[in-house]
Each structure stands twice: as structure tokens, then as C-alpha cells.
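In case you want the letters, here they are:
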Amino acid sequence: MVDLYPPTGPYDSGFLDTGDGNRIYYEQCGNPKGKPALNVHGGPGAGAMQRPTRAWDPERYRIIRFDQRNCGRSTPHASDPAADMALNTTQHLIDDMERLREHLGIEKWLLNGGSWGSTLVIAYAQQHPGRVSEMVVPAVTTATRAEIDWLYRGAGRFYPEAWDRFRDGVPEDERDGDLLAAYARLMENSDRAVREKAAADWLAWEDAVISGEPNGTPGMYSDRDVDAQIAFVRICAHFFSNGAWLEEDQLLRDAHKLAGIPAVLVHGRRDMGCPVQTVWELAKAWPDARLHIIEDSGHAGSDALGETVRAAIEEFKDR
């Protein structure tokens, strides 16, 4: 077992001006002269972890984390209807990461991101492979339309009553069409009450999907303040109704671009939201990646999954 390190808070924080009205919050923890490692949060729209980091050796790592556009402490916040979602796409986020790397004077960094964060770090690494030293990627998804359709429709086979409530959260004449696009429209409604209800309905479905996992806990997605709920769902609906602006199977098709980047992929066998088939196919196409499938884990993780991730972080700190 890899022991957790003492809690480490940020030694530096700031805002990165993107030049288009967005300001990206970032912070750095650990050793300013240590090995750079970028933590990329999920969602999209969840915001970076705000509690002190404990998985990373603060003597050996320089840990950078940031809030992606329109969520967390970045501005403008997606709970504000004036925030322009047209300026928030996968390519914008990749460009923000590269801009942050340059701003901090980093030549190469280790990338760590799970769930939506896994999509984003893989997409970034395929565009900027020379800037990535290693990758530690749990809960892998490549945000294909097939994966998105499974999460927001197919998984309803297991939770039909919860999925019916999710479907019924949109206007009746849109229930047989593109649910995610319908939710995206609701999240742009000028009436805050409409946005709050749509966010609550969406998050209730997310909670249902994870509820049957070994470590799924009630309210895992909905347990956040209302502004954060609105931002999370507005951004998720915006991204997923647009297929994350990725060609279908793009990240699997371009896995050859990751050649030479050592990686550890860690995935729970019981992950209902992100079935293990995707990471299995990715690992077959990425010779430099090692895949660990954790039998007792779902999307919410487990002790064994956490230990495997931390072991990879320990392995790479001296590389």
C-alpha cells in the first residue's frame, strides 16, 4: 500500500487571462523545483479539487491544478447566463492547458485526469505529445457519441424508473428526440428556476447511475451548491450534446500519436457510466500504456483503485 502524504496546500495561485474574456484559475502545490504534474478535473464543469492534495510526494512533485472554463473559481461562471458557452469547447480547453504550461515555464509535465479529465488529457497529449512526460489515467472515457449515448440513454435499462424521470425533465414534445440538446436548451433559459430544475433532474440521473456501485454514495453528483450544480450541468449538456467536438472514435483512431508516452490506465470493472470496453481498446492501441482493471471498483473508485493510481504516481516521480 502507498501511504498518503501529509496534506499539502498551494504555494502559488493566480488567474490566466485567455484573451477572450475568460480567466482560468490555477494553483501550484508541492516543490516549485519538483517534477511538474498537471491534475485535470472531470465533469466537464466539476471544478478542481479544493482540499489539500495527499497522493503526491510534495518533495518530488510540482503539482498544478486548474478550474476549466466557466467552472470552479474560473470566470465568468457558467451559473451566470451571460457566460458565453461558444467560447468553451474541447479545443479551447486544450489551448488553455498549453497556455498554462507556457505561462508557468514548464517544458514537460505528467498528466493526470479521470472521467472527462481522461478525455481531455488524451486529446491534449495527441496534439502536444512532446510536452507530456507520462500519464496516469483512471476511469477512462474517450467521449464518443456511443459512450455518451450509453451514459444518458443505454444505462437506463438498469435504472428505468430514474431514466424515465430524467427523460421527463424536458418538454414533452422533445422527449423522443435529442435529450441532451433539450437539456442544453433548458440550461440557456433566462428563468433561473427553469435552469435549477433542469440541473437537479440531470444530477438525479447521474446519482442513479453511480448508485449501484460498491462505493456509490447518495447525492454524489448533486451534493454541491446550486450555482455549482447549474454550471456543471450547463457545461456537461453543452459538451455532450455536441459530442465534445470530437470525431467519432477520434481518440482511439489517433492512439498512435501517444507512442513513447509511458502511461498507467486504471479502470473499475463495475464502472456503469464508463464501461471497461473503451479502456480495453485504448490499451491495445497504446503499447506504452499498462492497464489495470480493478474488480471491486466502479466510477466512484475503491481503495484498490486509489492504491493503484498512487503506485503509478510514486513510480513516475523519479523517472
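For the structure, see preceding data.
The shown structure was predicted, so the numbers you read here are calculated from the model rather than taken from an experiment.

Criteria and thresholds
The numbering scheme is per chain: residues are counted from 1 as the chain's sequence reads. Since the coordinates come from a predicted model, pLDDT governs what is reported: local features require at least 70, and pairs of side-chain atoms require 80 or more to be given and counted, while whole-chain, interface and lining totals use all residues. In computing side-chain values, all of the structure's heavy atoms are included and hydrogens and water are not. Under the DSSP-based scheme used, a helix requires at least four consecutive residues in state H or I and a strand at least two consecutive residues in state E, with every element numbered from the N terminus. Residue burial is assigned from relative accessible area. The probe radius is 1.4 Å, only protein chains are included, and a residue is buried under 20% of its type maximum, exposed over 50%, and partly exposed in between. For the purposes of these results, a polar contact is taken to be a pair of N or O atoms within 3.5 Å, where, inside protein, one atom must be able to donate a hydrogen and its partner to accept one; residues adjacent in sequence count only when each atom of the pair is a side-chain atom. Two residues qualify as a contact provided that any one of their heavy atoms is within 4.5 Å of a heavy atom in the partner residue. What counts as a salt bridge is simple: a side-chain nitrogen of Lys or Arg found within 4 Å of a carboxyl oxygen of Asp or Glu. Throughout, right-handed denotes a crossover for which the path from the first strand over the helix to the second runs clockwise when the strands point away from the viewer. Lines fitted to the C-alpha atoms define the axes, with helices restricted to the stretch that makes contact. Angles between their N-to-C directions range from 0 to 180 degrees. Orientation labels follow simple angle bins: below 35 degrees gives roughly parallel, above 145 gives roughly antiparallel, 65 to 115 gives roughly perpendicular, and whatever is left gives oblique. Polar here means any residue other than Ala, Val, Leu, Ile, Met, Phe, Trp, Tyr, Cys and Pro, which are nonpolar, and Asp, Glu, Lys and Arg, which are charged; Gly is therefore polar. One less than the residue count of a helix, multiplied by 1.5 Å, gives the span that helix is expected to have. Within 6.5 Å between ring centres, the rings of Phe, Tyr and Trp (the latter by its six-membered ring) count as paired, and their orientation is classed by plane angle as stacked under 30 degrees, edge-to-face over 60, tilted in between. Charge-over-ring placement is defined geometrically: NZ (Lys) or CZ (Arg) within 6 Å of the ring centre, and within 35 degrees of the ring normal.

Engineer: Describe unusual backbone geometry, naming the residues involved and giving the relevant values.
Structural biologist: Residue proline 44 follows glycine 43 across a cis peptide bond; omega there is -5°. A cis geometry characterises the amide bond from threonine 75 onward to proline 76, with omega recorded as -5°. At asparagine 70, a position not held by glycine, the phi torsion is positive, near 70°. Position of asparagine 70 among the secondary structure elements: in the loop between strand 4 (61-66) and helix 1 (90-103). We note that serine 115 has phi near 60°; this positive angle belongs to a residue other than glycine.

Engineer: Tell me about the side chain of threonine 142, and please be specific about residues and values.
Structural biologist: As for its placement among the helices and strands, threonine 142 is situated in the loop between strand 6 (132-138) and helix 3 (145-152). Overall, the relative accessible area of 4% leaves threonine 142 in the buried class. For threonine 142, the side chain forms a polar contact with the side chain of glutamate 147, separated by 2.6 Å. With residues up to four places along the chain from it excluded, the contact list for threonine 142 reads Thr119, Glu147, Leu246, Leu251 and Thr278.

Engineer: Could you give an account of the pattern of salt bridges, naming the residues involved and the relevant values?
Structural biologist: Scanning the model with the defined rule gives 29 salt bridges in all. Here glutamate 102 makes a salt bridge to arginine 101, at a shortest N to O gap of 3.9 Å. Look at glutamate 102 and you get exposed, because its relative accessible area is 52%. A relative accessible area of 5% places arginine 101 in the buried class. For arginine 192, the salt bridge goes to glutamate 196, with nearest N and O atoms at 2.8 Å. Here the residue arginine 192 and the residue glutamate 196 both occupy positions in helix 6 (residues 192-211), the gap between them amounting to four residues, near one helical turn.

Engineer: Can you break down the pairing of strand 7 (residues 263-268) residue by residue, with the values?
Structural biologist: Among the six residues that make up strand 7, six are buried, leaving the element largely enclosed by the rest of the structure. By the alternation rule, side chains of strand 7 split into Ala263, Leu265 and His267 and Val264, Val266 and Gly268, which are all buried. For the crossover that starts at strand 7, traverses helix 9 (residues 277-285) and ends in the parallel strand 8 (residues 289-294), the hand is right-handed.

Engineer: How would you summarise the packing of helix 4 (residues 160-167) against helix 5 (residues 179-186) if you had to cite specific residues and measurements?
Structural biologist: Packing of helix 4 against helix 5 brings their axes to within 11 Å, and their N-to-C directions diverge by 50°. Taken together, the axes of helix 4 and helix 5 lie oblique to each other. Residues Trp163, Phe166 and Arg167 of helix 4 lie in contact with helix 5, whose contacting residues are Leu179, Leu180 and Tyr183. Each residue belonging to the contact of helix 4 with helix 5 can be placed in one class, and the counts come to five nonpolar, no polar and one charged.

Engineer: Any details on helix 1? Residues and values, ideally.
Structural biologist: Residue pairs three or four apart in sequence face the same way in an α-helix, which turns once every 3.6 residues. Relative to the 20 Å expected for 14 residues at 1.5 Å per residue, helix 1 spans 20 Å between its end C-alpha atoms, a close match to the ideal helical length. Along helix 1, the positions that sit buried rather than exposed are Thr90, Leu93, Ile94, Asp96, Met97, Glu98, Leu100 and Arg101.

Engineer: So what's going on with the packing of aromatic side chains? Residues and values would help.
Structural biologist: One pair of aromatic rings is described through two measures. These are the centre distance and the angle between the planes. Applying the stated criterion across every chain, the model contains 15 aromatic pairs. When the centroid spacing of 5.4 Å and the interplanar angle of 85° are considered together, the rings of tyrosine 183 and tryptophan 202 count as edge-to-face. With tyrosine 183 in helix 5 and tryptophan 202 in helix 6, this pair connects stretches of sequence that are 19 residues apart. Ring centres of phenylalanine 239 and tryptophan 245 lie 5.0 Å apart, and the angle between their planes is 85°; this geometry places the pair in the edge-to-face category. A relative accessible area of 0% places phenylalanine 239 in the buried class. Among the aromatic residues, those joined into a cluster by ring pairs are Trp116, Tyr152, Phe166, Tyr183, Trp202, Trp205, Phe239, Phe240 and Trp245. Over the ring of phenylalanine 15 we find arginine 23, and its NZ or CZ is 4.3 Å from the ring centre. Just above the ring of phenylalanine 232 sits the side chain of arginine 224; from NZ or CZ to the centre is 4.5 Å.

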